[in-house]
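What follows is each chain in one-letter form.
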Amino acid sequence: MGDEIFAAMRQSVIDGDAVAAAALAEKALADGVPPLDAIEIGFVPGLSYVGEQFGLGELFLPDMMLAARAMQKAIAILEPEMARQSATRKVVGRVVIGTVKGDIHEIGKNLVGMMLSTSGFEVHDLGVDVAPDRFVEAAREHDADIIGVSALLTTTMAGQRTVVQALEAAGMRPKVKVIVGGAPASESWAAEIGADGYSEDAIGAVALARKLLGTDAASA
Amino acid sequence: MDSRAPKAPDLHPARSPRYDRLTPADCARLHDASLSILERTGVRLHDEEAVERLHGAGARVGDDGRVFVPGPLVEWALSVAPRSLTLHARGGAPAIALDGDNAWFGPGSDCLRILDHRTGERRTATLQDVRDGLTVVDALPNMDFGMSMFLPSDVEPAMADRHQAAIMLERTTKPLVLVTYDVDAMLDAIAMAEAVAGGPEALRERPTIALYVNVTRGLVHNGDSLRKLLLLAERGLPALWIPVTSGGTTGPVTMAGNVALNNAGVLVGVVLAQLVREGTPVVVPGFGGDALDLRTMVDPYAEPDHRGMVPSLAHHYGLPMFSLAGGSDSKIVDQQAAADASLTMLVDALAGGHLIHDSGYLESGLTGSLAQLAICDEIAAWIRAAIGPVEITDETLALDLIDQLGPDGSFLEADHTLAHYRDRWYPTLIDRLGHSAWQARGATTLAERAAVRVDRILAEHRPTPLPEDAARAIAGILERAAAVPRSAPQP
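Residues numbered from 1 in each chain as written. Chains lettered and ligands numbered in written order. Predicted model: local features only at pLDDT ≥ 70, side-chain atom pairs only at ≥ 80, totals over all residues. Heavy atoms only, no water.

Colleague: Where do I start with the nonpolar core in this structure?
Modeller: Counting residues in each nonpolar core, the largest one holds 139 residues, and the members touching the most others are Leu45(B), Leu54(B), Leu240(B), Phe322(B) and Met345(B). In terms of residue count, helix 9 (residues 255–276) of chain B provides more of this core than any other element does, 12 residues in total. When sequence neighbours within four positions are dropped, the list of residues in contact with Leu240(B) reads Val177(B), Ala210(B), Leu211(B), Tyr212(B), Val213(B), Val283(B), Phe322(B) and Leu355(B). Within the second largest apolar cluster, 44 residues are counted, among which are Val13(A), Val33(A), Ala87(A) and Leu116(A). (Core = buried A, V, L, I, M, F, W, Y, C linked by side-chain atoms within 4.5 Å. Buried < 20%, exposed > 50% of the residue type's maximum accessible area, 1.4 Å probe, protein only. Helix = DSSP H or I, 4+ residues; strand = E, 2+ residues; numbered from the N terminus. Contact = heavy atoms within 4.5 Å.)

Colleague: Explanation requested: the side chain of His315(B) in the structure shown.
Modeller: Residue and element names in this part refer to chain B. Along the chain, His315 falls in helix 10 (residues 309–317). Here His315 falls in the buried class, since its relative accessible area comes to 15%. Filtering out sequence-adjacent residues up to four positions away, His315 remains in contact with Arg18, Gly100, Asp101, Met321, Ala351, Gly352 and His354.

Colleague: So what exactly am I meant to see when it comes to the pattern of salt bridges here?
Modeller: When charged atoms on two side chains of opposite charge get close, those side chains can pair. Following the criterion strictly, the structure yields 30 salt bridges over all chains and no others. Glu81(A) serves as the salt-bridge partner of Arg84(A), at 2.9 Å between the closest nitrogen and oxygen. With Arg84(A) and Glu81(A) both in helix 4 (residues 61–84) and 3 residues apart, this pair spans about one turn of that helix. We classify Arg84(A) as exposed; its relative accessible area is 62%. Shared partners join several salt bridges into a network, and the residues in it are Asp116(B), Arg118(B), Arg123(B), Asp129(B) and Asp132(B). (Salt bridge = Lys/Arg side-chain N within 4 Å of Asp/Glu carboxyl O.)

Colleague: How do you make sense of the environment of Val33(A) when you look at a structure like this?
Modeller: Its place among the elements puts Val33(A) in the loop between helix 2 (18–31) and helix 3 (35–55). The spatial distance from the C-alpha of Val33(A) to the C-alpha of Ser186(A) is 47 Å, given a sequence separation of 153 residues.

Colleague: Looking at this structure, I do not really get the pairing of strand 10 (residues 209–215) of chain B. What am I missing?
Modeller: Each regular strand shows side chains that alternate between the opposite faces of the sheet. Residue and element names in this part refer to chain B. When you tally the buried positions in strand 10, you get 6 out of 7 residues, the bulk of the element. Looking at chain direction, strand 9 (residues 176–178) and strand 10 are connected through 3 bridges and run parallel. What sits directly across from Val177, in strand 10, is Ala210. With 5 bridges joining them, strand 10 and strand 12 (residues 239–243) adopt parallel strand pairing. Paired with Leu211 across the two strands is Ala239, which belongs to strand 12. (Pairing = 2+ DSSP bridges.)

Colleague: Got a minute to help me understand the interface of chain A and chain B in this structure?
Modeller: In this complex, chain A contributes 22 residues to the contact, which on the side of chain B involves 21 residues. Both sides of the chain A and chain B interface together cover about 1700 Å² of buried area, and 71% of this is carbon and sulfur. Here chain A is connected to chain B by 1 salt bridge. At the junction of chain A with chain B, the criterion picks out 3 residue pairs in polar contact (both at pLDDT 80 or more). Listing elements by their share of the side of chain A that touches chain B, those giving two or more residues are helix 4, helix 5 (107–118) and helix 7 (158–169) of chain A. Per-element tally for the side of chain A that touches chain B: the top contributor is helix 7 of chain A, with 5 residues. (Buried area = accessible area lost by both parts, 1.4 Å probe. Polar contact = N/O pair within 3.5 Å; in protein donor to acceptor, adjacent residues only side chain to side chain.)

Colleague: Whenever I open this one, helix 1 (residues 3–14) of chain A confuses me. Can you help?
Modeller: For the α-helix, the turn length of 3.6 residues means that residues three or four positions removed from each other point alike. Residue and element names in this part refer to chain A. With 12 residues, helix 1 extends 17 Å from end C-alpha to end C-alpha; this agrees with the ideal 16 Å at 1.5 Å per step. Considered for burial, the residues of helix 1 that qualify are Ile5, Phe6, Met9, Ser12 and Val13. The arc that holds the buried residues of helix 1, viewed along the axis, is 120°, so those residues lie on one side. Of the residues in helix 1, the exposed ones pointing more than 90 degrees away from the buried face are Asp3 and Glu4. After helix 1 finishes, the residue Gly16 shows a positive phi value of roughly 65°. (Expected span 1.5 Å × (residues − 1). Arc of directions from axis to C-beta.)

Purely geometric numbers; function is a separate question.
In structure tokens:
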């Protein structure tokens, strides 16, 4: 049962059609499709497809956002039944992100946050001009797997090292991974400051986060 | 480069009529929209003095600190802001006038990397690259002003901007656009320029520099930028007040809303500067309305959509402007780089973009190339020839000659031809050889010829050295600054 409805669910997310996605979620409930199946077999593959196509430069970021919105709409309808069945979706990982102290640039960091959350990560965005201790506190508070530290200026990028050091001092390394990004950062800079990885762009950040958590294969 | 004697600077070269992307009605509507944003949405200013000054002039300050600027205050500021700014060469001779339909070209600032024309390697930039870049700018005949081009990585980061300023003042006599991180660095850069100009008074009277103040976004102005603007206004030095609003992220994705929003922030700067000192020159953006490429997440430098819009608006205000053209989104010096540079520079020149920066930029502003800069210089020369006025006189009509030679005559040997053949434009990098001659000379590409030119300039061109006392003063400023502990995060 359900191949057809799963295909329709996938398509509704690809089309970014929240109305269709909601109707399919209602239909799944009426037909007795397990809500977790509807999400994992039906809707999620649609979002993965859109993410892949975005990564290839074929689709636009707003296509991702529309797809994520359609999926959220469907999940909201399925959630009460999921709760009744005590089924829970697995979170891919928990990520705390922010721009370093002294730096107020946010566009790149926001994109990374958006990409991670549409890819199934739980994202906590601390904003800009974030002190190292705030990163540590937030990592503790949210039981973070990864901390993403952004810096746009060569004068502020040293703050990325400070965050790594603060986490070390708090005894949270190497359990909590640190990834860095921003125009002056690089692979070798990440290695130099003892971070776990660098990505040039938001799409790469998702792949990097998955790799660090050993969940690359889960994206298909 | 030019073998002929340098001409006396022409501050208002004659040219063809301007291209306006927007109609006067379009501009009026955008202006009204900006005023409405300032009165209805307000602006967030992270500097108490700035808020106080606006408040004192009748702006309302909301409970959350937002400042709502009344339209009549903006209209007053626009009526007293100078319509023109002339930047001077070292020594104090007027060099470029930012007014009318003028178009002056120059490079950009702060590329993190250089595409090395010698090796083709893309690497982090160094102090020597800044020196080389300014030397090339000084030599190229169609680059009218200098910017730093590169952010050097081989110097303490918090001192990089001061070193750039020192090198720029040393390596070229052309007017300069300076960028600094914070207020202290700006004051040091100004002190260096004063040392070269012969004191604060001389620099104010005949400014050789303009300070580029980059503002967070249309309706959010960071404290450093505001303090820079207020200080520059107090000193009567020209500020480039440039808020940046990225369509789809920090402003509407639609161009009209994006420009209206950003322009609201521009107007706040004009008001503040005039409140501090009536008649302070403020240079407004001649670019804006751009959007992040939502497929690649790259901030493009050569998108066509908005081109010409903001220059129209600046002309509507009659204010001096700082435009953006000549940069490319290509990663290398290739066909796209030449097309991006040519098209953007042409439109901005047609639109009368005044101070047009970013020649030589590749990779959407992250990488700079001196070969690309040399190509932009040639493009600028081409454009100047293309928008120049057409002289129609008895001499150029040559009716007597036409009649004398008759329908079948040959004009090649005519004295008239020998007298005027030099009036036509001839390229110096663009190839017009016949095929066999081109092959005989190595079958080179434009990029290869440009790299050769850069090498030749670096080998041969010696910029006029600074007077010794000025050089000493600059060295002293650098030394004192290096001794001050900086607040940048320590590793």
